[in-house]
Amino acid sequence: MSSDLVLVNGGRILDPTTGSWREEALVVRDGTIEALLGSADARPSPGTARVIDLTGLAVLPGLIDAHAHLIGQMEFAGLPAIDETAESELAAGEANALATVRAGFTTVRDVGTYRGLLDVELRRRIEAGDVTGPRMQCAGAMITRPGGGGEVTGEPGVAIPEELRRGVVRDADEMRRIVAWLVERGADVIKLIVTGAVLTRGTAVDDVELEAPLVLAAVETATGLGVFVAAHAHGARGIRVAAESGVRSVEHGSLIDDAGIDAMVANGTWLVADLYDGDWIDEVGRRDGWPAATLEKNAATTQAQRDGFGRALRAGVRMAYGTDSGVYPHGRNARQLAYLVRYGMTPIEAIRAATVDAAECLGWSERVGSLEVGRFADLVAVDGDPVVDVTALERPTVVIKGGLVVRDDRPG
Ligand SMILES: [Zn+2]
């Protein structure tokens, strides 16, 4: 990382917590915000290596996607991985990482890959500067029961290579071992598949695939190692099992009932609801002739999830923005913001979910999610006012990560 002194000035900076705008300049050193200056004082000093002028743009903290999959073909539930190699999946992952950060998403929580630990390798390449991509939290694998929602299923008789089965657990002892194994190899979040999945063939969204003793074993081990647990759960009982076992977040939460909402409020569990995906799966699945059972599961969860999101929001469940990127094409991560608004949030609440609140969900409040001294200089700048029209964030003009420009669409 360079020790360049960078001055970012001219833009109106949004504080997502208060919803207010500030006219300030950011002094950036080593990729981190060193000082905030009133715009009148913001002149380059002799040591200033670069000045980035954002005059006329609305500047927000870099966005966070708390449910991304940069590696692997989620839309086909991992099946193509059988014929791929680690290098071919990584090459695709590098392109996905670039598309994601250029879309203004400078941080992702990557909640699992079918081929174990490729996310950790992708992050290593990004941190080494060989690949342009977002900051990543990595799950390393999806922890699932044999034949569960995190497995590659659907091709009977085809042997699944071991490296695609790193997260398969049978009992609580194995759960403890695998959680520790993943963290030792670089995972900094643990992903559990607590219920069946929409896209995984042969699994039912209502089935609880990991019961409370296994979820508790994962939470205890992960907590002891200083990492959080994210739990994929569609069905109402699975959501309750996850929340009552102390997971950090419930992913999807499609069929949540009042008891599940109560459990999430009582335990401070975050909800990460991918409200956009149902439309994408329906459109592409019908067009491309996906299995009828997949389309039925999608229909059964799409509107229910949106209604449940609204009820959970009104009940005070904490919300972090996560899109399940990889189900739809990478780089469209901001499209879901409008869905959050349509189903109950104000635009500033949706922005908060994707910045300061998502940072809290990840345990990264001191690093990302706001443009304050000590945070990374990660930002997205857009034309228009996203607090009025949140879709402005679908069209970023400038994206900066760690003080480096990764996108600038302005002429000249
Ligand atoms: Zn997912």
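One numbering rule holds for all chains: residues counted from 1, following each sequence as written. Local features in this predicted model are restricted to residues of pLDDT 70 or higher, and side-chain atom pairs are both shown and tallied only at a pLDDT of 80 or more, whereas totals for entire chains, interfaces and linings draw on every residue.

(A) Region of the structure containing the overall build of the protein. Broken down by element type, the protein carries 11 helices and 18 strands. The C-alpha atoms of the protein give a radius of gyration of 21 Å, which matches the 22 Å a tight globule of 412 residues would have. Counting only C-alpha atoms, the protein reaches 65 × 45 × 45 Å along its principal axes. A buried classification covers 54% of the 412 residues belonging to the protein. Look at the contacts in the protein between residues 6 or more apart in sequence, and 71% of them connect residues 24 or more apart. Secondary structure elements follow DSSP: runs of H or I no shorter than four residues count as helices, runs of E no shorter than two count as strands, and numbering proceeds from the N terminus. The globule rule used for comparison is 2.2 Å times the number of residues to the exponent 0.38, while the radius of gyration itself is calculated over C-alpha atoms. Between the buried cut of 20 or more and the exposed cut of 12 or fewer other C-beta atoms within 10 Å of a residue's own C-beta lies the partly exposed class, and all C-beta atoms are placed from the backbone. Note on contacts: each residue gets a C-beta atom placed from the backbone, and two residues are in contact if those atoms are within 7 Å.

(B) Expanded view of the nonpolar core. Residues Ile190, Val215 and Ala218 are the most contacted members of the largest nonpolar core, which totals 133 residues. A per-element tally of this core places helix α4 (residues 212-224) first, with 6 residues. Residues within four places of Val215 in sequence aside, it is in contact with Leu192, Val194, Leu210, Ala231, Val241, Ala242, Ser245 and Val247. Nonpolar cores are built from buried Ala, Val, Leu, Ile, Met, Phe, Trp, Tyr and Cys residues. These are joined into a set through C-beta atoms within 7 Å.

(C) Summary view of helix α9 (residues 335-342). All of the buried residues in α9 are Gln336, Leu337, Tyr339 and Leu340. Along the axis of α9, the buried residues cluster in a sector spanning 160 degrees; they form a single face. Summarising the contacts, the buried residues of α9 are in contact with α10 (347-353). Where α9 ends, the next residue or the one after it, Gly344, has phi of about 135 degrees, a positive value. Relevant arc is that of directions from the helix axis to the C-beta atoms, nothing else.

(D) Spotlight on the sheet that holds strand β15 (residues 318-319). Pairing between two strands is assigned when DSSP locates at least 2 bridges connecting them. Strand order in the open sheet made by the 5 strands is β11-β12-β13-β14-β15, with parallel pairing throughout. Of all strands in the sheet, those with a lone pairing partner are β11 (189-193) and β15, marking the two edges. Strand direction decides the pairing type here: strand β12 (residues 228-233) and strand β13 (residues 249-252), joined by 4 bridges, are parallel. Paired with Ala233 across the two strands is His252, which belongs to β13.

(E) Representation of unusual backbone geometry in the model. One non-glycine residue, Asp30, lies in positive phi territory at about 55 degrees. Position of Asp30 relative to the elements: it lies in the loop between β4 (24-29) and β5 (32-38).

(F) View of the pairing of β13. Consider the strands pointing away from the viewer: the crossover is right-handed when the path from the first strand over the helix to the second runs clockwise. Viewed along the sheet, the connection from β12 through helix α5 (residues 236-244) into β13 turns out right-handed. Pairing of β13 with strand β14 (residues 270-272) involves 3 bridges; the strand directions are parallel. By the bridge assignment for β14, Glu251 is matched with Val272. Crossover β13 to β14 through helix α6 (residues 258-267) is right-handed.

(G) Region of the structure containing the sheet that holds strand β16 (residues 379-382). Across the sheet, 6 strands lie side by side as β3-β2-β7-β16-β17-β18; this open sheet has mixed pairing. Each having just a single partner strand, β3 (20-22) and β18 (404-408) make up the two edges of the open sheet. Strand after strand, the sheet turns through a mean of 25 degrees between neighbouring axes, direction not considered. In the sheet, β16 pairs with strand β17 (residues 398-401) via 3 bridges, with the strands oriented antiparallel. Across the sheet, the residue bridging to Leu379 is Ile400, located in β17. Inter-axis angles, ranging from 0 to 180 degrees, are taken between N-to-C directions of lines fitted to C-alpha atoms, where helices are fitted over the stretch in contact.

(H) Broad picture of the packing of α6 against helix α8 (residues 292-315). Put simply, α6 and α8 touch, their axes get as near as 10 Å, and they point 40 degrees apart. One finds that α6 runs oblique with respect to α8. At the point where α6 passes α8, the crossing takes the right-handed sense. Contacts from Ile261, Met264 and Val265 of α6 reach α8 at Arg311, Ala312 and Ala315. Classes in brief: Ala, Val, Leu, Ile, Met, Phe, Trp, Tyr, Cys and Pro nonpolar; Asp, Glu, Lys and Arg charged; the others, Gly included, polar. Taken together, the residues of the contact of α6 with α8 sort by class into 5 nonpolar, no polar and 1 charged. Angles below 35 degrees are treated as roughly parallel, those above 145 as roughly antiparallel, those between 65 and 115 as roughly perpendicular, and all remaining angles as oblique. The handedness criterion is simple: a crossing whose near helix is rotated anticlockwise from the far helix by less than a right angle is left-handed, and one whose near helix is rotated clockwise is right-handed.

(I) Representation of the environment of Asn333 in the model. For Asn333, the location among the structural elements is in the loop between β15 and α9. On a C-alpha basis, the gap between Asn333 and Gly322 in space is 8.4 Å, while along the polypeptide they are 11 residues apart. What Asn333 contacts, discounting residues up to four positions off in sequence, is Asp65, Thr100, Ala103, Phe105, Thr323 and Ser325.

(J) Summary view of the packing of helix α3 (residues 172-184) against α4. Running from amino to carboxyl end, α3 crosses α4 at an angle of 30 degrees, the nearest separation of the two axes being 9 Å. When the axis of α3 is compared with that of α4, the two are roughly parallel. Once α3 is placed against α4, the crossing between them reads as right-handed. Contacts between α3 and α4 involve Ala172, Met175, Arg176, Val179 and Ala180 from the former and Pro213, Leu214, Ala217, Ala218, Thr221 and Ala222 from the latter. Grouping the constituent residues of the contact of α3 with α4 by class yields 9 nonpolar, 1 polar and 1 charged.

(K) Local environment of the environment of Gly19. Looking at where Gly19 falls in the secondary structure, it is placed in the loop between β2 (12-15) and β3. Overall, Gly19 belongs to the partly exposed group, with 14 C-beta atoms counted inside 10 Å. Leaving out residues up to four positions away in the same chain, Gly19 has contacts with Ile348 and Val387.

(L) Broad picture of the domain arrangement of the protein. Note that domain bounds follow an automatic or database assignment of domains. By the assigned domains, the protein splits into domain 1 (5-61 + 369-408) and domain 2 (63-362). Relative to domain 2, the C-alpha centre of domain 1 lies at a distance of 30 Å. Between domain 1 and domain 2, the residue contacts involve 21 residues of the former and 23 residues of the latter. If you list the elements that add at least two residues to the side of domain 1 that touches domain 2, you get β7 (58-61), β17 and β18. For the side of domain 1 that touches domain 2, a count of residues per class yields 12 nonpolar, 5 polar and 4 charged.

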